[in-house]
Amino acid sequence: MSTRAWPPRRDEVLSFAAVGLLAYAADLAVFTCLRGPAGVGPLTAKALSFLAGCAVAYTGNALGTYRHARVRGLRPYAVFLGVNLAGALVQLLCLAVSHYGLGLTSQRADTVSGSVIGMALGTVLRFWGTRTLVFRVIRREEGRVGSWTG
């Protein structure tokens, strides 16, 4: 019998965070290059930079954080992309609630709600989704051999 591995180990969280920082840097670099020298529109630039960041995050998690997991094919990447889209929607929802629902319309309020609170909540969702839906982290009970059915 297996159970979900919760709480996660510290090294898993730190590795996930390091990969996330690299993905964020890739997203920002691609967005900046596309918006600046390439002259691409903001929505197209953001969509492409988001995909680049997802590719970096998936690769980093697959080869680093969750290298022991055996995932193959396009399905895990599609699920990973869906998890990351859900995380982005959490950020947008936090911003929308703060700005339009609560009337907190300053640039500082938008930054705090979208880029601090939204990013934190979105990251928790991404971490959970990545480890449970994409790489399916499980822990075997100590000393147990064979299936739970006997």
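In what follows, the structure referred to is the one given above.
Residues numbered from 1 in each chain as written. Predicted model: local features only at pLDDT ≥ 70, side-chain atom pairs only at ≥ 80, totals over all residues. Heavy atoms only, no water.

Caption draft 1: Representation of the side chain of His99 in the model. With respect to the secondary-structure elements, His99 resides in helix H3 (residues 75–101). A polar side-chain atom of His99 sits 2.8 Å from a polar atom in the side chain of Asp110. Residues contacting His99, with those up to four places away along its chain left out, are Leu104, Thr105 and Asp110. (Helix = DSSP H or I, 4+ residues; strand = E, 2+ residues; numbered from the N terminus. Polar contact = N/O pair within 3.5 Å; in protein donor to acceptor, adjacent residues only side chain to side chain. Contact = heavy atoms within 4.5 Å.)

Caption draft 2: The arrangement of the layout of surface pockets in detail. Estimates place the volume of the largest pocket at around 1,000 Å³. Forming the walls of the largest pocket are 33 residues, and the residues nearest its centre are Tyr24, Asp27, Gln91, Met119 and Arg126. At the level of secondary structure, the elements contributing two or more residues to the lining of the largest pocket comprise helix H1 (10–35), helix H2 (42–65), H3 and helix H4 (107–134). With 10 residues, the top contributor of residues to the lining of the largest pocket is H1. Its residues placed into classes, the lining of the largest pocket shows 19 nonpolar, 10 polar and 4 charged. (1 Å grid on protein atoms, 1.4 Å probe; cavity = no way out; pocket = protein on both sides within 12 Å on 5 of 7 lines; lining within 4 Å. Points joined across faces, edges and corners; volume = space filled by probe spheres on them. Nonpolar A, V, L, I, M, F, W, Y, C, P; charged D, E, K, R; others polar.)

Caption draft 3: Spatial organisation of the nonpolar core. Among the nonpolar cores identified, the biggest contains 14 residues, and Ala57, Tyr58, Tyr66, Phe80, Val134 and Phe135 are the most heavily contacted of them. Looking at this core, the elements that each hand over two or more residues are H1, H2 and H4. In terms of residue count, H2 provides more of this core than any other element does, 4 residues in total. Here Phe80 is in contact with Cys54, Ala57, Tyr58, Asn61, Thr130 and Val134, once residues within four sequence places are set aside. (Core = buried A, V, L, I, M, F, W, Y, C linked by side-chain atoms within 4.5 Å. Buried < 20%, exposed > 50% of the residue type's maximum accessible area, 1.4 Å probe, protein only.)

Caption draft 4: Focus on H1. Under the 1.5 Å per step criterion, the end-to-end length of H1 is 37 Å for 26 residues, consistent within 8% with the ideal 38 Å. Tucked inside the fold, the buried residues of H1 contact H2 and H4. (Expected span 1.5 Å × (residues − 1).)

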